[in-house]
Amino acid sequence: MFRAVSRLSATASRNLVQSRAGYSAPLASRCYSHGKVESDEEFDARWVTYFSKPDIDGWELRKGMNTLIGYDLVPEPKIVDSALRACRRLNDLASAIRILEAVKDKAGPHKDIYPYLIQELRPTLTELGISTPEELGIDRM
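First, a word on what this report is: a plain description of the structure on this page. Not measured: the values here are computed from a predicted model.

**A few points about the pattern of salt bridges**
All told, the structure shown has nine salt bridges when counted by the stated rule. The salt bridge partner of K78 is D44, with a shortest N-O separation of 3.9 Å. One end of the pair, K78, is in helix α4 (residues 77–89); the other, D44, is in helix α2 (residues 40–51), and 34 residues separate them in sequence. Note on K78: relative accessible area 46%, which makes it partly exposed. Since its relative accessible area comes to 10%, D44 is described here as buried. The shortest N-O distance in the salt bridge between R85 and D81 comes to 3.0 Å.

**Focus on the side chain of T132**
Looking at the secondary structure, you find T132 in the loop between α6 (113–128) and α7 (133–136). Judged by relative accessible area, which is 3%, T132 ranks as buried. Ignoring sequence-local partners within four residues, the contact set of T132 consists of L100, Y114, I118, R122 and L125.

**Quick look at α6**
Each turn of an α-helix holds 3.6 residues, which means side chains three or four residues apart point in the same direction. Between its terminal C-alpha atoms α6 stretches 22 Å, which fits the 22 Å expected from 16 residues at 1.5 Å a residue. At L121, α6 shows its largest bend, some 55°, and a proline, P123, comes one to four positions later. All buried positions along α6 are accounted for by Y114, L117, I118, L121, T124, L125 and L128. Looking at the buried positions of α6, the neighbouring elements they touch are α4, α5 (93–107) and α7. In the segment just after α6, G129 is the residue with positive phi, at about 75°.

**Looking at the packing of aromatic side chains**
Using the criterion set out here, one finds six aromatic pairs in the structure. Judged by centre distance (6.3 Å) and plane angle (75°), the rings of W47 and Y71 are edge-to-face. With W47 in helix α2 and Y71 in the loop between α3 (58–70) and α4, the pair connects residues that are 24 residues apart, well separated along the chain. Taking relative accessible area as the criterion, Y71 reaches 29% and is therefore assigned partly exposed.

Calculation notes
- Residues numbered from 1 in each chain as written.
- Predicted model: local features only at pLDDT ≥ 70, side-chain atom pairs only at ≥ 80, totals over all residues.
- Heavy atoms only, no water.
- Salt bridge = Lys/Arg side-chain N within 4 Å of Asp/Glu carboxyl O.
- Helix = DSSP H or I, 4+ residues; strand = E, 2+ residues; numbered from the N terminus.
- Buried < 20%, exposed > 50% of the residue type's maximum accessible area, 1.4 Å probe, protein only.
- Contact = heavy atoms within 4.5 Å.
- Expected span 1.5 Å × (residues − 1).
- Bend = angle between axes of the 7 residues up to and from the residue.
- Phe/Tyr/Trp six-rings, centres within 6.5 Å; stacked < 30°, edge-to-face > 60°.

Scope: geometric values only; no functional claims are made or implied.
As structure tokens, then:
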């Protein structure tokens, strides 16, 4: 009995090795998402629409900003504008200042990006009565 089992296993392993030897691997190809590639304008419009929802709540605002900041980019001024307006609708000054801090942090070593964003957002900041972290003196802490 044992001899029959060992003979079958030896034959099976020999066939396996022979079948693997004739196997040729296909060229390496990666199958990423088959979804549609989103343009920059569509990306911006999607986030502006997200933050412009009239029934957005604090959790959705924070979740959206966390997701947005997680991307490898600095958000456009129009996206930050709509996020600041959502903060105003929610009467949440702390989140508005945190958004400005996050955008400044996201700009990183590129010292010309954050001043450009503040320049573009200045009318909105004035209209909504939001001070920048620099104006409040909390950027030095």
